[in-house]
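# Commentary on secondary and tertiary structure
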Amino acid sequence: MNKLSLKLKITLLFWIVLTLALILPSSYFINLLKKEVRSDVIFNVQKEADIVHWVLSKQFSRNEKVDLDELIKEIGQKIKDRITYIAEDGIVIADSQVTKKRLKKLDNHATRPEIVQARSKGEGVSIRFSATLQKELIYYARHFKPDSGLPKGYLRISRPYSTIAAILSRIK
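Thresholds applied
Residues numbered from 1 in each chain as written. Predicted model: local features only at pLDDT ≥ 70, side-chain atom pairs only at ≥ 80, totals over all residues. Heavy atoms only, no water. Pairing = 2+ DSSP bridges. Helix = DSSP H or I, 4+ residues; strand = E, 2+ residues; numbered from the N terminus. Axes fitted to C-alpha atoms, helices over the stretch in contact; angles between N-to-C directions. Contact = heavy atoms within 4.5 Å. Core = buried A, V, L, I, M, F, W, Y, C linked by side-chain atoms within 4.5 Å. Buried < 20%, exposed > 50% of the residue type's maximum accessible area, 1.4 Å probe, protein only. Phe/Tyr/Trp six-rings, centres within 6.5 Å; stacked < 30°, edge-to-face > 60°. Lys NZ or Arg CZ within 6 Å of the ring centre and 35° of its normal. Salt bridge = Lys/Arg side-chain N within 4 Å of Asp/Glu carboxyl O.

### Comments concerning the sheet that holds strand β5 (residues 153-160)
- Read from one edge to the other, the open sheet built from five strands follows the order β2-β1-β5-β4-β3, with strand pairing classed as antiparallel. Of all the strands in the sheet, just β2 (92-95) and β3 (123-130) have a single pairing partner and so form its edges. Neighbour to neighbour, the strand axes of the sheet diverge by 25° on average, direction disregarded.
- Bridging between β3 and strand β4 (residues 135-144) involves eight bridges; their strand directions are antiparallel. Across the sheet, Glu123 pairs through a bridge with Arg142, a residue of β4.
- Across the face of the sheet, helix α2 (residues 68-79) comes into contact with β1 (82-87) and β2 while running at roughly 40° to β2.
- Seen against the sheet, helix α4 (residues 113-121) touches β1, β3, β4 and β5 and runs at an angle of roughly 175° to β3.

### Side note on the pairing of β2
- Strand direction decides the pairing type here: β1 and β2, joined by three bridges, are antiparallel. Bridge pairing in β2 places Tyr85 opposite Ala94.
- Adjacent in sequence and paired antiparallel, β1 and β2 are bridged by four residues, among which Gly90 carries a positive phi angle near 95°.

### Comments concerning the nonpolar core
- Residues Val52, Leu56, Leu68, Ile72, Ile83, Tyr85 and Leu155 are the most contacted members of the largest nonpolar core, which totals 20 residues.
- Taken together, the elements giving at least two residues each to this core come down to α1 (2-61), α2, β1, β4 and β5.
- Considering each element in turn, this core owes the most residues, six residues, to α1.
- Filtering out sequence-adjacent residues up to four positions away, Val52 remains in contact with Ile75, Ile79, Ile83, Leu155 and Ile157.
- Formed by nine residues, the second largest nonpolar core is a distinct cluster that contains Leu106, Ile115, Ala118 and Tyr154.

### Re the packing of aromatic side chains
- Taken as a whole and judged by the stated rule, the model has two aromatic pairs.
- Both rings, one in Phe14 and one in Trp15, keep their centres 5.4 Å apart while their planes meet at 75°; by these two values the pair is edge-to-face.
- On the basis of an interplanar angle of 70° and a centroid distance of 5.2 Å, the ring pair of Tyr28 and Phe29 is categorised as edge-to-face.
- The residue whose ring lies beneath Arg128 is Tyr139, and the NZ or CZ to ring-centre distance is 4.0 Å.

### As for the pattern of salt bridges
- Overall, the coordinates contain 10 salt bridges when judged by the stated rule.
- Linking Arg128 and Glu114 is a salt bridge whose minimum nitrogen-to-oxygen distance equals 2.7 Å. Placement of Arg128 in strand β3 and of Glu114 in helix α4 is noted, with a sequence separation of 14 residues between them.
- Overall, Glu114 belongs to the buried group, its relative accessible area being 0%.
- Shared partners join several salt bridges into a network, and the residues in it are Lys47, Asp50 and Arg142.

Next comes the structure, spelled out in structure tokens:
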């Protein structure tokens, strides 16, 4: 009876060790993959912000009368992400998904996490719920000094985080 009990203990110990040997590395790699996906999304949004800023700068450098809000709405339709231009004082002056009439009713954005980070570090990222669009978004903001006629402020790009979260949840 003792030998059977010892065999059973060894077998159980073997399966526990084997299970841990499989679970621990896989959970590490899943977390690593999640971080990589988030980093990749942020990198893509950063590149998008570079391109949007370049397009805006080109339009404003021509010394033509340009409606920033209309231009941002047009670019936003093309890239399928929300673009917001926020003045230094936090007032939203253009948004690709908000009508001109509603712009004036938006809250001041000076204390939004990504804007606070951008003010101190030049750029900022946050993932949070948008009261305006009623969904979770990933926000990337960059502080720009006035150049080519663009007002001093923050260019912010946001994209739905639900798409990213769905991909990450499938990895589990």
